[in-house]
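Architecture at a glance
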Amino acid sequence: MADRVLRFGVIGLSRGFDLTRPTLARDPRVRLVAAADLRPEARAAFTAEFGAPAYDSAEALCADPEVEVVYIATPHQTHAALATLAARHGRHILLEKPMALDLAACRAIAAAAEAAGVQLVVGPSHGFDPPVAAAAGLVGGAAFGAARMVTAVTFTDFLYRPRRPEELDSARGGGVVFSQAVHQVDVVRRLVGRPVRSVRAATGVWDTARPTEGAYQAFLAFDGGASASLTYSGYGRYDTDALMGWTGETGAARDPDVHGLARRRLAGADEPALKAARAYGAAAASASAPVGHEHFGFVLVACERGDLRLTPHGVEAYGPDSRWTVDLPPPAATRHAVIDEVWDAVVGGRPPLHDGAWGAENLAVCLAILRSAAEDREIAIAELETRP
Ligand SMILES: NC(=O)c1ccc[n+]([C@@H]2O[C@H](COP(=O)([O-])OP(=O)(O)OC[C@H]3O[C@@H](n4cnc5c(N)ncnc54)[C@H](O)[C@@H]3O)[C@@H](O)[C@H]2O)c1
């Protein structure tokens, strides 16, 4: 098995790819053998960096016999068509979150992967973060018992990063519920380990210049009686990285004295030009070494016999009589757990946790958040017809 590598082809060379790129480039189990993007400068940068072909169409990438796993990192609305294309070509699939924009598309993707006999992993997302895995490993054990109540709080500047028009249009998959709640839901589902039964939520659309959800609060009830409260604001004021020792979401150090940068950059700027200038191939590729693990803000799990707080450096454990920490040293590059899942599935034949059904259920909870806010009532997940 020593010579075995996964031959990855990437569709979509921008922000999502750039965040995963350090792991794909460093992990000895991965070789980047091809890419596809609509932007010539991204293709040129990929070929220069990896010495591999970059196509102007996803079809050409999927047809390249060198490609074994297709990593799809294009905008949400393209996921269903590109994932089914990859499956038709017999390629394994790593599909960015959210899996798709509706549950019918999720089902079509999962069915295409199953029919083709290929593995499907939905990620990266913060449910893969090592502190989440470490805490999930403690939940349910003798010391802590089952998770009863999870509190997750994330405040960012998400809404003021340069966006494509559809990212500011909820009807086309815009707003923080599709792009960000999917992370928080992934984290709390992994920690509780039971299906979500119902959701009650409110959403906030507070900036008329960016008329999509920028904030939400949601109460999730799980089978078995556990609950989770999720709070998110992307309005670029308070920042929960302050609670994480100024380690940012990607595990990189942040300067606590910098405040409001995203909003200032955007003010008066040509937004598409600003976005293009920061994309892979136009800007210097992101390179800062992590000082900790990726995270998605404050997460505290109250279990039957103890509490677990997730940090970028591991897990703080609080029992009735003592407290201690589970230290997880900073990784050389984040997101190795994503490769672990793809490797285990493709090489080891072990079904991934973040499979099509998992990705669909994450999306179902997000759709329930939107529907609960719109209809001002609790939404049972069963109403959304997610489960097979
Ligand atoms: N997991 C994470 O932490 C994370 C972070 C950022 C983005 N993402 C996800 O990655 C996806 C892309 O987001 P982004 O912010 O990088 O978008 P983006 O707009 O910055 O980039 C999209 C890229 O895809 C290319 N593209 C679009 N359609 C294509 C097609 N049909 N064939 C080939 N290339 C195509 C574009 O040219 C562009 O380079 C989204 O689903 C998003 O949710 C995930």
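Residues numbered from 1 in each chain as written. Predicted model: local features only at pLDDT ≥ 70, side-chain atom pairs only at ≥ 80, totals over all residues. Heavy atoms only, no water.

**A short note on the sheet that holds strand E11 (residues 298–303)**
- Across the sheet, which stays open at both edges, the 9 strands sit in the order E14-E13-E12-E11-E7-E10-E9-E8-E15 with mixed pairing between neighbours. The open sheet terminates on both sides in strands that have one partner only, identified here as strand E14 (323–327) and strand E15 (379–380).
- Where strand E13 (residues 314–318) and E14 come together, 5 bridges link them in antiparallel fashion. Looking at E14, one finds that Val315 is bridged to Val326.
- Strands strand E12 (307–311), E13 and E14 of the sheet are contacted by helix H6 (residues 130–138), whose axis makes an angle of about 165 degrees with E12. (Pairing = 2+ DSSP bridges. Helix = DSSP H or I, 4+ residues; strand = E, 2+ residues; numbered from the N terminus. Contact = heavy atoms within 4.5 Å. Axes fitted to C-alpha atoms, helices over the stretch in contact; angles between N-to-C directions.)

**What about the sheet that holds strand E5 (residues 92–95)?**
- Strand order in the open sheet formed by 6 strands is E3-E2-E1-E4-E5-E6, and the pairing between neighbours is parallel. Strands with a single pairing partner mark the edges of an open sheet, and in this sheet they are strand E3 (54–55) and strand E6 (120–122).
- The pairing of strand E4 (residues 69–72) with E5 spans 4 bridges and is classified as parallel. Considered in E5, the bridge of Tyr71 is made with Leu94.
- Sheet strands in contact with helix H10 (residues 336–346) are strand E1 (6–11), strand E2 (30–36), E4, E5 and E6, and its direction is about 120 degrees off that of E1.

**Some remarks on the pairing of strand E9 (residues 215–222)**
- The buried count for E9 comes to 6 of 8 residues, which makes it a mostly enclosed element.
- The pairing of strand E8 (residues 196–204) with E9 spans 8 bridges and is classified as antiparallel. When the bridges of E9 are listed, Val199 appears paired with Leu220.
- In terms of strand pairing, E9 meets strand E10 (residues 227–233) through 7 bridges, oriented antiparallel. Across the sheet, residue Leu220 finds its bridge partner in E10, namely Ala228.
- The antiparallel hairpin formed by E9 and E10 contains 4 residues in its connecting segment, where Gly224 sits at a positive phi of about 95 degrees. (Buried < 20%, exposed > 50% of the residue type's maximum accessible area, 1.4 Å probe, protein only.)

**What to know about the side chain of Gln184**
- Turning to its location among the elements, Gln184 is positioned in helix H7 (residues 176–192).
- A distance of 3.5 Å separates a polar atom in the side chain of Gln184 from the backbone oxygen of Ala152.
- Polar side-chain contacts of Gln184 include one of 3.1 Å to the backbone oxygen of Thr231.
- What Gln184 contacts, discounting residues up to four positions off in sequence, is Ala152, Val153, Thr154, Tyr216, Leu230, Thr231, Tyr232 and Phe296. (Polar contact = N/O pair within 3.5 Å; in protein donor to acceptor, adjacent residues only side chain to side chain.)

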